[in-house]
Every structure is written in C-alpha cells, then in structure tokens.
Amino acid sequence: KQDEMNGHRLNCLRKPNAYKARPLNGIWATAPFLHNGAVPTIYDLLSPWSERPPEFYLGSLDYDTMKMGYKSDEAYFKLDTSIKGNSNKGHEFSNKKGKGVIGRLLSETERYELIEYLKDIKTVK
C-alpha cells in the first residue's frame, strides 16, 4: 500500500545527488507554488494538470483558507501559463505514469484533507 501511496516512485531521500524538498511548516504562506509561481493554491497543486487554472491574477492579499493560497480575483498582474516559462505542468498527481508524476490521483476530498493536515503542521524546534 505504501508503494501505491508513493506513486510507485523510488525514495528520493535515499538517492544520492537528489533535490531535497524544504520542510512543509509554513507552506500556507508561500503561494503561489512551483519554481515559477504558476500554480495559485495548494488545492490546484494537488490537482491534475488539466484541472489547474490556465491563467490567474497575482497581487491580491485576500487569502483563500479553503484552497490554501491567495485569491485570484482581478488584481495587479495576470499570469498566463501558456507563455513560455510560465508552465503549470510540473509535479502532477495522476494515475498516469511518466515524467512529472509525483503521486497518484487524489480525490477532491483527499485534496481538502491534505490541506487541513498542512494547516496543522507545527514548527519542529
């Protein structure tokens, strides 16, 4: 079951010369997500590529506590993910196998449950 939950991937923490992800505590305050900021919320990040918004607005300080990210009402800057360098196609959760897939497809309920879990992570001292 653990292999299935890990998306049938190798344990990257045991592999040499691998990128080690940062801790998740405080993740709520780091939106937008991915290296280029092309995903507005954690909910969208946990969704398959096809369900991620193709464009959204940056600059709002109004926080979406349900989806864990800033609200994307028309604000200061529209990010269009179809423009080269703005792709939101990294780190997908889906039942496909291949490059960029980091975990199995999550139901809507599972996505919201993960968000609630992330909200409760305490800083380790």
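Because the structure is a prediction, the values reported are computed rather than measured.

**Some details on the packing of aromatic side chains**
Counted under the stated rule, the structure contains three aromatic pairs. An angle of 90° between the planes, with centres 6.1 Å apart, marks the rings of Trp28 and Tyr63 as edge-to-face. Of this pair, Trp28 sits in the loop between helix H1 (2–5) and helix H2 (42–45) while Tyr63 is found in strand E2 (residues 63–64), placing the two residues 35 residues apart along the sequence. Here Trp28 falls in the partly exposed class, since its relative accessible area comes to 46%. Geometrically, the ring pair formed by Tyr63 and Tyr70 is edge-to-face, given 5.3 Å between the ring centres and 90° between the ring planes. What makes Tyr63 partly exposed here is its relative accessible area of 21%. In textbook terms, an aromatic cluster arises when at least three aromatic residues are bridged by ring pairs, as seen for Trp28, Tyr63 and Tyr70.

**Re helix H3 (residues 108–119)**
With 12 residues, H3 extends 17 Å from end C-alpha to end C-alpha; this agrees with the ideal 16 Å at 1.5 Å per step. When H3 is considered as a whole, its buried residues turn out to be Arg111, Ile115 and Leu118. Down the axis of H3, the smallest arc covering the buried residues is 65°, so these residues share one side. More than 90 degrees from the buried face of H3, the exposed residues found are Thr109, Glu113 and Tyr117. As for H3, its buried residues are in contact with H2.

What counts and how
- Residues numbered from 1 in each chain as written.
- Predicted model: local features only at pLDDT ≥ 70, side-chain atom pairs only at ≥ 80, totals over all residues.
- Heavy atoms only, no water.
- Phe/Tyr/Trp six-rings, centres within 6.5 Å; stacked < 30°, edge-to-face > 60°.
- Helix = DSSP H or I, 4+ residues; strand = E, 2+ residues; numbered from the N terminus.
- Buried < 20%, exposed > 50% of the residue type's maximum accessible area, 1.4 Å probe, protein only.
- Expected span 1.5 Å × (residues − 1).
- Arc of directions from axis to C-beta.
- Contact = heavy atoms within 4.5 Å.

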